[in-house]
Amino acid sequence: MTTDHTVDPTLQSWVSSANDARADFPIQNLPFGIFRRAGSRESPRVGVAIGDRILDISACFAAGLLGAPDLNDGDDIETNVQRAARACASPTLNALMQCGGAPRRALRSAISALLASDAPVNQQQIAEHALVAQHDAELFLPAQIGDYTDFYASVHHASNVGALFRPDSPLLPNYKWVPIGYHGRSSSIVLSGTPVQRPSGQRLAVGESVPTVGPSRALDYEVELGAFVGTGSALGTSISLANAEAHLFGLCLLNDWSARDIQSWEYQPLGPFLAKNFATSISPWVVTLEALAPFRAPLAARADGDPTPLPYLDDANDRAHGGVAITVELWMRTARMRADGNDPVRISSSSALDLYWTLGQMLAHHASGGCNMRAGDLLGTGTISGPSAESRGCLLEITRRGADPLTLPNGDVRRFLEDGDEVVLRAFAEREGAVRIGFGECGGVVLAAE
Ligand code: MN
């Protein structure tokens, strides 16, 4: 993964809020999402977050800022920028995803030039009319998600959870050979901000031998990243690890809400079902691999004695740069904290470099049997936990299934989530010599069961 001029740390924008050192959306980020003006009946369309604004790509294209929009068929060959910009009139990112890497990078480069401080003043004046304040915008799910797969790529999460249920053998023998995952439910993926209703279901109380039906008593979050597939692959074909990232569009935040009591009763032998299909939350902004290029690094070293990945999961470039140095944080605010005017408090902070498998390995493995991938398919990493106590990415791990309750600064105690709890994921990437970029937020409040 090579870096280009769009991540040059000296770049500044004429959108002044983008130049704040703590801004999630500086000019080096330029994440894609779907928006319209709040309260309007406009068609949802592609926007790019810049500072506290959204740049309307279709409006820029119509104004001639991204190449001429009115090519006649056969007269001229559409450029990559024009092709990608035209795809931005769509109410999902799928059309832009399908364009592939070269048009996406060309559009990103043109948007960067348009928003840079040294853009021609007359272009800045036109583009200013294509900016919408984020607080005046309604955001939508970024893509039509055809298929959703959630992996289990954190060896620390797998070990911590395994130890609760199988103290003698926390990791199953396949874990270090095969990226474990399950097929999730795409139609219950909701946008950040959507309240999440506590599910009811069958759960077996401790010491009981007969299950009862009722509201989950062990609702949890899972801190994850999601990766959107850009260009797909045909049924019956695989994707090599060397080529896997060329099929990815970008990353978002993902909360895989989980009802642990339902899960522990139902998951054997086929894996999660109703414990996870009631809701999955994702963030509105998709950060492209181009924006993440300065933050690529190897994953944390595997333990001595761990197996070498099988050839289809091994690639020199992926070994050297397959990880992404993204810090993911979980913030929580209870109903009482909200009523008292308290801000959310940070519960955990973990790094995507502590995953055991790279995104490329997950995608290559997914397609290795000939499973087709399509634009807009979503891959979740699985709960991102690290080796330290502060880096546990779900309450199941933090409270050891409720045995060690968590006490919040205001005295509220949690084993699992209670109604009214607000859960917010945040993430950022930073390193010396690069401008910090963020993912915004992925939040949701727990509502009482139906
Ligand atoms: Mn998960």
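Shown above is the structure to which this text applies.
Quick look at the structure, then. Because the structure is a prediction, the values reported are computed rather than measured. By convention here, each chain's residues receive numbers from 1 onward along its written sequence. Under the rules for a predicted model, residues below a pLDDT of 70 receive no local features and side-chain atom pairs below 80 are neither given nor counted, while totals for whole chains, interfaces and linings still include all residues. Excluding hydrogens and water, the side-chain values take into account all heavy atoms of the structure.

### Some details on a nonpolar patch on the surface
Defined as follows: Nonpolar side chains (Val, Leu, Ile, Met, Phe, Trp, Tyr) are joined into patches within 5 Å and like charges within 9 Å, using only residues with over 30% relative accessible area and no salt bridge. The protein chains shown are the only cover counted for residues, whose accessible areas, like all others here, come from Shrake-Rupley with a 1.4 Å probe. The salt bridge definition used is simple: a Lys or Arg side-chain nitrogen within 4 Å of an Asp or Glu carboxyl oxygen. Secondary structure elements are defined from DSSP: runs of H or I of at least 4 residues count as helices, runs of E of at least 2 residues count as strands, and each element is numbered from the N terminus. Think of it in three bands: with a 1.4 Å probe and only protein chains considered, a residue is buried below 20% of the maximum accessible area for its type, exposed above 50%, and partly exposed in between.
Together, Trp-177, Leu-310 and Tyr-312 line one region of the surface with nonpolar side chains, adding up to about 290 Å² of accessible area. The topology assignment puts Tyr-312 in the loop between strand 18 (296-297) and helix 10 (316-321). Classification of Tyr-312 as partly exposed rests on a relative accessible area of 35%.

### Points about helix 4 (residues 101-115)
Note the following rule: Between the first and last residue of a helix there are one fewer steps than residues, each counted as 1.5 Å, and that sum is the expected span.
A rise of 1.5 Å per residue sets the reference length of helix 4, with its 15 residues, at 21 Å; its end C-alpha atoms lie 21 Å apart and thus fit the reference within 8%. Restricting attention to buried positions, one finds in helix 4 the residues Gly-101, Pro-103, Arg-104, Ala-106, Leu-107, Arg-108, Ile-111, Ser-112, Leu-114 and Leu-115.

### Here we look at the coordination of the manganese ion
Which entries qualify depends on this criterion: For Na, K and Ca the donor cut-off is 3.2 Å, and for all other metals it is 2.8 Å, counting N, O and S atoms only; because water is absent from this set, sites may look incomplete.
Surrounding the manganese ion are the protein donor atoms Asp-150 (OD), Glu-222 (OE), Glu-224 (OE) and Asp-256 (OD), at 2.1 to 2.2 Å. Mapping the donors of the manganese ion onto the primary sequence gives the spacing D-x71-E-x1-E-x31-D. Separated by 34 residues along the polypeptide, Glu-222 in the loop between strand 12 (219-220) and strand 13 (223-229) and Asp-256 in the loop between strand 14 (248-255) and strand 15 (258-259) bring together distant segments of the chain. Just as Glu-222 is buried, Asp-256 falls in that class too.

### Regarding the side chain of His-157
Our working rule: Polar contacts, as counted here, are pairs of nitrogen or oxygen atoms within 3.5 Å of one another; within protein the pair requires one atom able to donate a hydrogen and one able to accept it, and residues that are adjacent in sequence qualify only if both atoms are side-chain atoms. Contacts between residues were defined by any pair of non-hydrogen atoms, one from each residue, lying within 4.5 Å.
On the secondary structure map, His-157 appears in helix 6 (residues 155-165). A polar contact is formed between the side chain of His-157 and the side chain of Thr-383, at a distance of 3.4 Å. With sequence-adjacent residues up to four places away left out, His-157 is seen in contact with Tyr-152, Glu-222, Thr-383, Ser-385, Cys-394 and Glu-397.

### Considering the sheet that holds strand 1 (residues 32-37)
Keep this limit in mind: Between any two strands, at least two bridges found by DSSP are needed for them to pair. Inter-axis angles, ranging from 0 to 180 degrees, are taken between N-to-C directions of lines fitted to C-alpha atoms, where helices are fitted over the stretch in contact.
If you trace the five strands from one edge of the open sheet to the other, you get 4-3-2-1-5, paired in antiparallel fashion. One side of each edge strand has no neighbouring strand; the edge strands of this open sheet are strand 4 (131-133) and strand 5 (137-140). Between one strand and the next, the sheet's axes are offset by a mean angle of 45°, whatever the strand orientation. Relative to strand 2 (residues 45-50), strand 1 runs antiparallel, the two being bridged by four bridges.

### Quick word on the layout of surface pockets
Formally: With a 1 Å grid spanning the protein atoms alone, the term cavity applies to any set of points in which a 1.4 Å probe fits but cannot get out, the term pocket to an open set with protein on both sides within 12 Å along at least five of seven lines, and the term lining residue to any residue with an atom within 4 Å of a point. Grid points are joined across faces, edges and corners, and a volume is the space filled by probe spheres set on the points. Residues are grouped as follows: nonpolar covers Ala, Val, Leu, Ile, Met, Phe, Trp, Tyr, Cys and Pro; charged covers Asp, Glu, Lys and Arg; every other residue, Gly included, is treated as polar.
Each pocket or cavity is described by its volume, and for the largest pocket that value is around 800 Å³. As for the largest pocket, its lining consists of 34 residues, and the residues nearest its centre are Tyr-152, Ile-180, Gln-263, Tyr-267 and Pro-272. Contributing elements (two or more residues each) for the lining of the largest pocket: strand 6 (148-151), helix 6, strand 7 (181-183) and helix 8 (260-266). Per element, the largest residue contribution to the lining of the largest pocket is five residues, and it comes from helix 6. The residue makeup of the lining of the largest pocket, split by class, is 16 nonpolar, eleven polar and seven charged.

### Here's the deal with the nonpolar core
Where we set the bar: Definition used in this section: a nonpolar core is a set of buried Ala, Val, Leu, Ile, Met, Phe, Trp, Tyr and Cys residues joined via side-chain atoms within 4.5 Å.
In terms of nonpolar packing, the biggest core is built from 66 residues, with Tyr-221, Leu-292, Ile-326, Ile-347 and Leu-417 touching the most fellow members. Tallying contributions element by element places helix 12 (residues 359-367) first for this core, with five residues. Residue contacts for Leu-292: discarding those within four places in its chain leaves Leu-251, Val-287, Val-324, Ile-326, Ile-437 and Phe-439. Counting 48 residues, the second-largest nonpolar core is a separate cluster that includes Phe-61, Met-97, Cys-99 and Leu-114.

### Structural notes on the packing of aromatic side chains
Keep this limit in mind: Ring geometry is summarised as follows: Phe, Tyr and Trp rings, the Trp one being its six-membered ring, pair when their centres sit within 6.5 Å, and such pairs are stacked at plane angles under 30 degrees, edge-to-face over 60 and tilted between the two. Throughout this description, the term charge over a ring refers to an Arg CZ or Lys NZ atom that lies within 6 Å of the ring centre and within 35 degrees of the ring normal.
Considering all chains together, one arrives at five aromatic pairs under this definition. Summarising the aromatic geometry, the rings of Tyr-175 and Tyr-356 are spaced 5.9 Å apart at their centres and angled 50° between planes, so their arrangement reads as tilted. Remark: Tyr-356 occurs in the loop between strand 21 (345-351) and helix 12 and Tyr-175 occurs in the loop between helix 6 and strand 7; sequence separation between them is 181 residues. Using a relative accessible area of 3% as the deciding quantity, one classes Tyr-175 as buried. Among the aromatic residues, those joined into a ring-pair cluster are Tyr-152, Tyr-175, Tyr-356 and Trp-357. Sitting over the face of the ring of Trp-357, Arg-302 holds its NZ or CZ atom 4.6 Å from the ring centroid. Here the guanidinium or amino end of Arg-426 rests over the ring plane of Trp-331, the centre of that ring lying 4.5 Å away.

### Thoughts on unusual backbone geometry
Across the junction of Gln-268 and Pro-269, the peptide omega takes the value 5°, indicating a cis bond. Locating Pro-269 in the fold gives a position in the loop between helix 8 and strand 16 (280-282). Phi at Arg-401 is positive, roughly 60°, even though this residue is not glycine. Mapped onto the secondary structure, Arg-401 falls in the loop between helix 13 (395-398) and strand 23 (406-407). Exposure remark for Arg-401: the relative accessible area of 43% places this residue in the partly exposed category.

### Some remarks on the sheet that holds strand 25 (residues 422-429)
In any sheet, the strands associate via hydrogen bonds between backbone groups, in a parallel or an antiparallel arrangement. Strand order in the open sheet formed by five strands is 9-26-25-20-21, and the pairing between neighbours is mixed. Unpaired on one side and paired on the other, strand 9 (196-197) and strand 21 mark the two borders of the sheet. Here strand 20 (residues 327-333) pairs with strand 21 via six bridges, running antiparallel. Bridged to Trp-331 within strand 21 is Arg-346.

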